[in-house]
Amino acid sequence: MTTQGLLSGRTVWIVFAAYFLFLIAIARYTTWKEKRDAGRVDLQGGRFKWPVMVMTYIASCMSVWVFFAGPGAYYRYGLGYFFSEMCIYSMFPIICYFTMTKVWLVNQQKHFTTPADFFYCRYRSKALTVIIDLVYIVCAVPFISAVLVAGGRAAEVATGGAVSSQTFTLICGIIMTVFVMLGGVKSTALADAVQGWFFILALWAIIFVTLKVVFNGSLIEAFQTVRVQTPDWFSYPGPIGVCTYPSRVSYPLACAFGYTLLLPQVFVRSGYYSAGLKDQRQMAFLAPFLQIIVWGGTMLIGLVALAAMPDLTSSETELVIPYMCNIIAGTHGVLAQILMIVFLIGVLAVGLSTANALLMVMSSIIYKDLLVGIGRCKFKASETSVVRVVILLFGAVTVGVSLMHWEYVYNLMIFADSLVESLFPALVFGIYCKWATRKAAIVSISAGAIVICLTFFVWDLGYVWYGTIGLATALVLMYVVSKLTRDDPKDSDDFYEALDSGHRRFMRIKAKIR
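Residues numbered from 1 in each chain as written. Predicted model: local features only at pLDDT ≥ 70, side-chain atom pairs only at ≥ 80, totals over all residues. Heavy atoms only, no water.

Explain unusual backbone geometry residue by residue, including any values.
Look at histidine 111: it is not a glycine, yet its phi comes out positive at around 55 degrees. Along the chain, the position of histidine 111 falls in the loop between helix H5 (100–110) and helix H6 (115–123). Given the relative accessible area of 53%, histidine 111 is considered exposed. The residue asparagine 216 is not glycine, and still its phi comes out positive at about 55 degrees. (Helix = DSSP H or I, 4+ residues; strand = E, 2+ residues; numbered from the N terminus. Buried < 20%, exposed > 50% of the residue type's maximum accessible area, 1.4 Å probe, protein only.)

Describe the packing of H6 against helix H11 (residues 264–271), with residues and values.
In the contact formed by H6 and H11, the axes pass within 8 Å of each other and the chain directions differ by 65 degrees. In terms of their interaxial angle, H6 and H11 are classed as roughly perpendicular. Note on element contacts: H11 touches H6 through Pro264, Phe267 and Val268, opposite Pro115, Phe118 and Phe119. Within the contact of H6 with H11, the residues separate by chemical class into six nonpolar, no polar and no charged. (Axes fitted to C-alpha atoms, helices over the stretch in contact; angles between N-to-C directions. Parallel < 35°, antiparallel > 145°, perpendicular 65-115°, else oblique. Contact = heavy atoms within 4.5 Å. Nonpolar A, V, L, I, M, F, W, Y, C, P; charged D, E, K, R; others polar.)

So what's going on with the pattern of salt bridges? Residues and values would help.
Enumeration according to the criterion identifies five salt bridges in this entry. Its salt-bridge partner being aspartate 487, residue arginine 438 comes within 3.4 Å of it at the nearest N-O pair. Placement of the pair is arginine 438 in helix H18 (residues 438–457) and aspartate 487 in the loop between helix H20 (468–484) and helix H21 (493–507), with a sequence separation of 49 residues. For aspartate 491, the salt bridge identified is with arginine 438, shortest N-O distance 2.6 Å. Of this pair, aspartate 491 sits in the loop between H20 and H21 while arginine 438 sits in helix H18, and the two are 53 residues apart along the sequence. With a relative accessible area of 26%, aspartate 491 lands in the partly exposed category. (Salt bridge = Lys/Arg side-chain N within 4 Å of Asp/Glu carboxyl O.)

Tell me what's going on with the packing of H18 against H20, and back it up with residues and numbers.
Between two packed helices, what matters for the description is the angle formed by their axes and the separation of those axes. Running from amino to carboxyl end, H18 crosses H20 at an angle of 160 degrees, the nearest separation of the two axes being 8 Å. Classified by the angle between their axes, H18 and H20 sit roughly antiparallel to one another. Handedness of the H18/H20 crossing: right-handed. Along its contact with H18, which presents Lys439, Ala440, Ala441, Val443, Ser444, Ala447, Gly448, Val451, Ile452 and Thr455, the element H20 presents Ile469, Gly470, Thr473, Ala474, Leu475, Leu477, Met478, Val481 and Ser482. Taken together, the residues of the contact of H18 with H20 sort by class into 12 nonpolar, six polar and one charged. (Left-handed = near helix turned anticlockwise from the far one by under 90°.)

If you had to explain empty space enclosed by the protein to someone new, which residues and values would you point to?
With the rule as written, the count across this model stands at five cavities of 30 Å³ or more. Estimated volume of the largest cavity: approximately 40 Å³. Looking at the largest cavity, the residues that line it are Tyr81, Ser84, Val242, Cys243, Ser247, Arg248, Tyr251 and Tyr466. For the lining of the largest cavity, the secondary structure elements donating two or more residues are helix H4 (79–98) and helix H10 (245–262). Of the residues forming the lining of the largest cavity, the biggest block, three residues, is contributed by H10. Split by residue class, the lining of the largest cavity holds five nonpolar, two polar and one charged. (1 Å grid on protein atoms, 1.4 Å probe; cavity = no way out; pocket = protein on both sides within 12 Å on 5 of 7 lines; lining within 4 Å. Points joined across faces, edges and corners; volume = space filled by probe spheres on them.)

Written out as structure tokens, the structure is:
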């Protein structure tokens, strides 16, 4: 199926220029305010009240999955896939309370910057820091690249090829890099707060308009059409057999541990950025409701698209929103153009929110962990200047990768979500078990990550078991190796003292550590 160009190249570039000016205005405002209040610009640090905290967390999670991979996945995989998604959010407040709230309590004493800072505080291992950072680099490059690819693909589809996908991808990458270089963490969080509400409203605007035009506003009619045309959409294992029983367990685990907690940009937001315990709890409580609103809307787009266009190929399903705009253009030309502009801005807003946040965290990882911490590099230039150079170089790498040919945005993101599952056992054991050792953490994370890569690229089980086999491997090795080795108890005293102090200060209870 082909799409006609509803927007001219000129319109797309005007929209993009307006979006770019919005980002630059936020970056300049935050740096001006920080210089006025603190006398200096800190690109890597930030503490936020819950209204900003919740939205920067949501925006950093959503990515282009909302407008590309999400509707396409629901179209292909059926209603069972949606229920798998919903399992994630019922687990999130519980998992967050028992893990990331503990991370936040320790951080109140230690003021961490990178995810590996927390693990180093507990295990005192530079080798472990390097391993964690390598996992995150392998995760971040395809994730950011997927975001940029989606932006380029959106512009190409919106203009019917008048704007080259690769050209727009390149420009998106440049804008992402410049914005993060100028503004840092605080500007990223503020942009997320604004863009988060925009892309939620944009998503539901697309739903209401397409439902009204195609099915006279009747959601029941859309459901009945799918029930007649594609009855397997409502069944297990779904239309193409993806929602099997193993995947119903494995996919929610990959997302609950990877996507909602351990991706690098999400880890620092869920564990470091809350200004107070109330803000931390509001994030854990409100984020699932907002995610349900987003994914409920995304599922409905997939449903309506399936009812209206039941014969799309797998690669075409990631473009269901532009295809719906083409259908609307037959009777409502101007409205279709407006929706295509909304789609384009939505892709940019939700995609670059994630890319900006991830690029910022990765620059901190490379500078603080690898160059200064491990490499012991000393720079004559200021820290801010060096961090900006790191942002520029890492941004250039991800842009280069994004210019390669990627058929599925979905595949890149689900691999990243699964890979970081390997960190979860070391995180939990580190918090709750004093007898957990650094050797166990090193073996657990390394073996878990390797097994997850084998699952995807050698055994071809990645889209059935996701990261669960690697997670199980990491969990068993974390326990067994900890029992076979021993650390000096003094190495972790500082960590547990910080945790106990956080409990006494904020929760007025003593941590229960075995």
